[in-house]
Amino acid sequence: MKHIFQEGNKEAPVLLLLHGTGGTEEDLLGLAEIVSPQSAVLSVRGNVLENGMPRFFRRLAEGIFDEEDLLFRTKELNDFIDTAAEKYQFDRENVVALGYSNGANIAASLLFHYQGSLKGAILHHPMVPRRGVTIPDLSNTPVFIGAGKNDPICAPKETEELATLLQAAGSVVQVKWEQYGHQLTRNEVDAAAAWFQSYF
Ligand code: MLT
């Protein structure tokens, strides 16, 4: 997968950056600087194109995911992280995702499908990636969710549903609510940074 790798402190978690629809692997580098400047960074570009816009998996319509492609792309990303860990010599068990929108959704899908794929996750404006599946044990996998009370894409009910599903799998979930829409706010990023520093 097209990506950027930046070296960091070996003790700190590697930040896996996952952009939103239409983004690239450059987009979230500034966030990584705020959240964990000491961390190595693996920033990946989604392999799917929707009208020329990179994404991490196909969708049939806004908010309706192509489940088969979601599963295929989630495995592809998980395998890519395994390979990158060997290539760049980082600890595969020490990876924390930082995703926005479509990137947060594939990060949530990693949590739903691959035990131990992430040590924690920062999900900005995520949705429920899939329903009706047994989620692996997440008792050692804390999750931060940033959400907007007026987000037309990720409705508050969906945020709450995701938080409940993750908690039922044992995760300690912190939700930071903003009054805005789908955009990422500085307040939310600062809250994610404080959350990260408190855990890692
Ligand atoms: C998705 O398709 O993953 C969500 O609708 C968010 C987005 O618009 O990318």
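Here we look at the overall build of the protein chain
Consideration 1: Along the backbone of the protein chain there are 5 helices and 11 strands.
Consideration 2: Here the C-alpha radius of gyration of the protein chain, 15 Å, is about what a compact globule of 200 residues would show, namely 16 Å.
Consideration 3: If you line up the protein chain on its principal axes, its C-alpha atoms span 40 × 35 × 30 Å.
Consideration 4: Every one of the 200 residues in the protein chain was classed for burial, and the buried ones make up 55%.
Consideration 5: When contacts within the protein chain are restricted to residue pairs at least 6 apart in sequence, long-range pairs at least 24 apart make up 68% of them.
Consideration 6: With the model as given, the accessible surface of the protein chain reaches about 8800 Å², and the carbon-plus-sulfur share is 49%.
Consideration 7: Side-chain charges of the protein chain comprise 17 positive and 26 negative groups, with the mean position of each set lying 2 Å from the other.

Quick notes on the pattern of salt bridges
Consideration 1: For the coordinates displayed, the defined rule picks out 14 salt bridges.
Consideration 2: With a closest N to O distance of 3.6 Å, E25 and K2 form a salt bridge. Pair noted here: E25 is in the loop between strand 2 (14-18) and helix 1 (29-35) and K2 is in the segment before strand 1 (3-6), with a separation of 23 residues, a long-range link.
Consideration 3: Given a relative accessible area of 49%, K2 falls into the partly exposed group.
Consideration 4: For D79, the salt bridge goes to K75, with nearest N and O atoms at 2.6 Å. Of the two residues, D79 and K75 both sit in helix 2 (residues 67-88), 4 residues apart, roughly one turn of that helix.
Consideration 5: By relative accessible area, D79 is classed as partly exposed at 30%.
Consideration 6: Judged by its relative accessible area of 43%, K75 falls in the partly exposed class.
Consideration 7: Shared partners join several salt bridges into a network, and the residues in it are R58, D69, R73 and E76.

Some details on the site of the ligand
Consideration 1: The full set of residues close to the ligand is T21, R55, F57, R59, E62, G63, F65, S101, N102, N105, M127 and I153.
Consideration 2: Here an oxygen atom of the ligand sits 3.1 Å away from a polar atom, N or O, in the side chain of R59.
Consideration 3: Residue N102 places a side-chain N or O atom 2.8 Å away from an oxygen atom belonging to the ligand.
Consideration 4: For the ligand, the cavity whose grid points lie within 2 Å of the majority of its atoms is the largest pocket.
Consideration 5: Broken down by class, the residue content of the shell around the ligand amounts to 4 nonpolar, 5 polar and 3 charged.

Structural notes on the pairing of strand 11 (residues 173-178)
Consideration 1: Both strand 10 (residues 143-148) and strand 11 contribute to a ladder of 6 bridges, which runs parallel. Residue I145 lies in a different strand from strand 11, and its bridge partner there is V175.
Consideration 2: In this fold, strand 10 hands off to helix 4 (residues 156-168), which returns the chain to strand 11; that crossover is right-handed.

Basis of the calculations
Residues numbered from 1 in each chain as written. Predicted model: local features only at pLDDT ≥ 70, side-chain atom pairs only at ≥ 80, totals over all residues. Heavy atoms only, no water. Helix = DSSP H or I, 4+ residues; strand = E, 2+ residues; numbered from the N terminus. Rg over C-alpha atoms; globule rule 2.2 N^0.38 Å. Buried < 20%, exposed > 50% of the residue type's maximum accessible area, 1.4 Å probe, protein only. Contact = heavy atoms within 4.5 Å. Areas by Shrake-Rupley, 256 points an atom, 1.4 Å probe, with all protein chains shown as cover. Lys, Arg positive; Asp, Glu negative; His and termini not counted. Charge placed at Lys NZ, Arg CZ, Asp CG, Glu CD. Salt bridge = Lys/Arg side-chain N within 4 Å of Asp/Glu carboxyl O. Near = heavy atom within 4 Å. Polar contact = N/O pair within 3.5 Å; in protein donor to acceptor, adjacent residues only side chain to side chain. 1 Å grid on protein atoms, 1.4 Å probe; cavity = no way out; pocket = protein on both sides within 12 Å on 5 of 7 lines; lining within 4 Å. Sits in = over half its atoms within 2 Å of the grid points. Nonpolar A, V, L, I, M, F, W, Y, C, P; charged D, E, K, R; others polar. Pairing = 2+ DSSP bridges. Right-handed = clockwise from strand over helix to strand, strands pointing away.

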